[in-house]
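# Close look at the chain arrangement
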Amino acid sequence: MRQLTSEKTSHPVLIFWIVAGWVGFFLLPWYGVEEFFSFEWLIDGYPFDEDYAPAGFLIAQGEKLWLAPMVLALLAPLLALGKRKIDPIYAKVLILAGAWGFGWLILQGFAIGIRGWNFEWAKALFGDLGDRQFGMGYGALICASAFLFLFTQGIAARGAINGDVFVVSAIGGVIVIVTAFVFFPIAKMLTAAFITDDGGYSGSVFLSKFFDDRLWGLGCLSGSRCGAAWNSLFLAVLVGVVTTVLGLIFALVVTRSGFRYKRALRALTVLPIITPPFVIGLALILLFGLSGTVTVFFADVFGVQPTRWLYGLPGILIAQTLAFTPIAFLVLIGVVEGVSPSMEEAAQTLRASKWQVFKTVSLPLMRPGLANAFLLGFIESMADFGNPLVLGGNFDVLSTEIFFAIVGAQYDQGKAAVLAMVLLCFTLGAFYAQRFWLGKKSYTTVSGKGDSGVHPHMPRALSMPVLALAMIWAGFTAIVYAMIFYGSVVELWGVNNTLTLKHYVTAFSFRLEEGGIRWSGAAWDSFWTTLKIAGIAAPLTAIVGLITAYLLTRQSFAGKNAFEFGTMLSFAIPGTVIGVSYILAFNVPPIEITGTGIILVVSFIFRNMPVGVRAGIASMSQLDKSLDESSLTLGANSWQTFRRVILPLLRPAILAALVYSFVRAMTAISAVIFLVSAEYDMATSYIIGRVENNDYGLAIAYSTTLIFVMLSVVALMQVIVGRTEIGRRMTQSRTNV
């Protein structure tokens, strides 16, 4: 009996968060330090220097006394240590302590800024503060986390979601970070749509910008220009359909055919996703522009006048299809591999032909992947501004209009906000159309039962056109990348084609000295910074995305639809708007991270998280919930079930999240333009600087180097993550080899 009582009153997770809260409050710097990723503050005046002091030391010195009420929230959870979880006092103490501590931390953070009170009414009510504070640091971050998870433990103890601490804590954690880094900055940006010239708010200002003819004009019906909204919608639908079809084609070739060169085809398919988009645009111009190689060749052969057909809808469609097909492929390959072979074999046993099996069994089970691939292609097209900027011509789209509204001479944040709202409405429309198409049908194919089936090859009537289309598109991609590589080893692309390696030497030269290697190339600083930021952001993006997908597919809770909407919101907003909104939101306390590497990591996590979420949802839709139930029945908790049962079956989704988040962090442009600093200069901003200086050779050489680096990292991720093994398919593939 003593042992039973001891087990029920021992709370290791609770103890961990109590200790974490005290460590954050009394041992770590409360406010942000300049070098967040280094620990120079340990030898630079810590803990007595006000810039590096923990909250406890500040209070002891009579400074920042508004932090003192949080001590009560740190002491209160000690009362719960001797209580059982079923004791009502246990839940009440943790809920009150967590809510008080977290609420007070946020309240004082927004109320007091770098000039004292942030609100005039507070200054009038309490008088001049005579003090200031900066953004949160290590201590505040750890303390806020402790208060949050003490609160969620209290909620779980009251019986929420069957008292599952892991699930309740995961929901609480995702809600808080999505609110802080998605809703808050976007809300800060969108309020600009109602701001008048004198700083007030007016609905008429919003309406005048919303009903602008340049946005909704239907001049295209009479032969003139169409509004940017209709152009964007038409383009996004085209890109979504084409990229989904091509992604499915490549996924089928890789998984359902006897094609010998699958690995080479798979690598070639992923190439565009690891390329800065304007580089693809430049390659297309070199091939199909007014003086392009292909254009001039056909003009000479057929005796016709070269035209600018590439600029506008055709050029953007080709470039975006090249850039975004890999996203569809990465989502769909996991879904195609996840279809249970036994179901297909059962249909064949009933004398169905290969075509009937594919049409009535395999393809319907791929619907979640097809829907998610279309949605991601649609959203990516809507948010992309690099390709329309290079190839758009007179074809106006929302993303470029937003870009020019922000960085142009007009600097109209209100117009940019209105355009962003329209773009968001289109994206949400696609999101709900996807949900309607999927409906409430079950797409489960993997259960706890043994599966010894082998995927059949595609029917011949399908395999021939699929292979033909795959080869044509792969050949076109190879030509584009051959032109990119060629441009990096010539003196001046398109003018002086003398072969040279001087661009690589200028960017990446180094020499050996007594003290070690001296990285003397002009591009090394931005290269190492980019590699570090992307390496930190990628696993965090995958973790947040897959946990979110687990919650959306495996749990039921109030506000689930709003929860899913929040996870997709950042992906629907153009990176340009994300960059500006982050500057507006995080340039002042309580989260003051502008100009640091943290803001780059955070922007990449929440910009790319939806890919991990959608890939995870598509894959988890095929896993029978009986797997979870069996694990829980055998005594495992939700965390152990997620880690040991679900995650091993999600290797394609994990790989998709890791690859996509890493390469997008390496090649992102729109948000990076606004968020880089002198200390944290990213590769893409450096490349753009070279392009602006007409140093195209160096820019292309740098881009080519990034391509090879990312290919190596992607291959390494593939080895580390591995692949899902279901039944005999791995055995068969090894035998075929």
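Being a predicted model, the structure only gives us computed values, none of them experimental.

Once that is clear, we can look at a negative patch on the surface. Together, Glu40, Asp44, Asp49 and Asp51 make up a negatively charged patch on the protein surface. Relative to the helices and strands, Asp44 resides in the loop between helix H2 (12-26) and helix H3 (55-60). Residue Asp44 is classed as partly exposed on the basis of its relative accessible area of 41%.

This model, assessed by the stated rule, comprises 41 aromatic pairs. Measuring from ring centre to ring centre gives 5.4 Å for Phe181 and Phe606, while their planes differ by 25 degrees; the resulting arrangement is stacked. One end of the pair, Phe181, is in helix H8 (residues 165-190); the other, Phe606, is in helix H27 (residues 597-620), with 425 residues separating them in the sequence. Each member of the pair, Phe181 as well as Phe606, is classed as buried. Taken together, Phe508, Phe510, Trp519, Trp524, Phe527, Trp528, Tyr686 and Tyr702 form an aromatic cluster joined through their ring pairs. Lying across the ring of Tyr686, Arg690 places its NZ or CZ 5.5 Å from the centre.

Turning our attention to the pattern of salt bridges. Under the counting rule described, the total for this entry stands at three salt bridges. Lys64 serves as the salt-bridge partner of Asp131, at 3.6 Å between the closest nitrogen and oxygen. With Asp131 in the loop between helix H6 (120-126) and helix H7 (138-157) and Lys64 in the loop between H3 and helix H4 (70-75), the pair connects residues that are 67 residues apart, well separated along the chain. Given the relative accessible area of 23%, Asp131 is considered partly exposed. Lys64 gets classed as buried once you look at its relative accessible area, which sits at 4%. Close ionic contact of Lys502 with Glu491 constitutes a salt bridge, the shortest N to O distance being 2.7 Å. Taken together, the residues span a long stretch of sequence, with Lys502 in helix H23 (residues 502-508) and Glu491 in strand E3 (residues 490-492) at a distance of 11 residues. For Lys502, a relative accessible area of 38% gives the class partly exposed.

Averaged over every residue, the pLDDT of the protein chain is 82; the share at 70 or more is 88%. pLDDT under 50 marks residues 726-737. Its contacts with residues more than four places away, or in other chains, come to 20 contacts.

Here we take up the nonpolar core. If you look at the biggest cluster of nonpolar residues, it comprises 178 residues, and the most contacted ones within it are Leu284, Val480, Leu551, Tyr582, Phe604, Phe606 and Tyr702. With 15 residues, H27 is the single largest residue contributor to this core. Excluding residues that lie within four positions of it along the chain, Leu551 makes contacts with Val167, Ala170, Ile171, Val174, Phe557, Lys560 and Phe563. Listed in part, the 18 residues of the second largest apolar core include Tyr31, Leu58, Ala73 and Ala111.

A separate point is the environment of Ala430. Position of Ala430 among the secondary structure elements: in helix H21 (residues 413-438). Using a relative accessible area of 10% as the deciding quantity, one classes Ala430 as buried. Put simply, Ala430 and Leu375 are 55 residues apart on the chain and 6.5 Å apart in space, counted from C-alpha to C-alpha.

All right, on to the packing of helix H11 (residues 228-256) against helix H22 (residues 460-488) then. The geometry of H11 relative to H22 is characterised by a closest axis approach of 9 Å and an angle of 110 degrees between their N-to-C directions. On the basis of the axis angle, H11 is roughly perpendicular to H22. Every residue of H22 that contacts H11 at Leu246, Ile249, Phe250 and Val253 is listed here: Val466, Leu467, Leu469, Ala470, Trp473 and Ala474.

About the cut-offs
- Chains are numbered independently. Their residues run from 1 in the order of the written sequence.
- It should be noted that, the model being predicted, local features are given only for residues of pLDDT at least 70 and side-chain atom pairs only at 80 or more, the latter also being counted only at that level, while totals for whole chains, interfaces and linings use all residues.
- Just so you know, side-chain values use all the structure's heavy atoms and leave hydrogens and water out.
- Distance thresholds for patches are 9 Å for like charges and 5 Å for nonpolar side chains (Val, Leu, Ile, Met, Phe, Trp, Tyr), applied to residues having over 30% relative accessible area and no salt bridge.
- Under the convention used here, a 1.4 Å probe and the Shrake-Rupley method define accessible areas, while residue burial counts only the protein chains that appear.
- Salt bridge, as used here, is a side-chain nitrogen of Lys or Arg placed within 4 Å of a carboxyl oxygen of Asp or Glu.
- Two residue types count as positive, namely Lys and Arg, and two as negative, namely Asp and Glu; His and chain ends fall outside the count.
- For charged residues, the charge sits on one atom: NZ in Lys, CZ in Arg, CG in Asp, CD in Glu.
- Elements are defined by DSSP. Helices are runs of H or I of four residues or more, strands are runs of E of two residues or more, and each kind is numbered from the N terminus.
- A 1.4 Å probe rolled over the protein chains alone gives each residue an accessible area, and that area as a share of the maximum for its type sets the label: buried under 20%, exposed over 50%, partly exposed in between.
- Working definition: a ring pair exists when centres of Phe, Tyr or Trp rings (six-membered ring for Trp) sit within 6.5 Å. Plane angles under 30 degrees give stacked, over 60 give edge-to-face, the rest tilted.
- Counting as a charge over the ring demands two things of the Lys NZ or Arg CZ atom: a distance within 6 Å of the ring centre and an angle within 35 degrees of the ring normal.
- Confidence per residue, as judged by the predictor, is encoded in pLDDT with a range of 0 to 100.
- Whether two residues are in contact is decided by their heavy atoms, any of which lying within 4.5 Å being enough.
- For the purposes of this section, nonpolar cores are sets of buried Ala, Val, Leu, Ile, Met, Phe, Trp, Tyr and Cys residues that join through side-chain atoms within 4.5 Å.
- Where helices are involved, their axes are fitted lines through C-alpha atoms of the stretch in contact, as for all axes, and angles between N-to-C directions lie from 0 to 180°.
- Small angles under 35 degrees read as roughly parallel and large ones over 145 as roughly antiparallel, with 65 to 115 read as roughly perpendicular and the rest as oblique.

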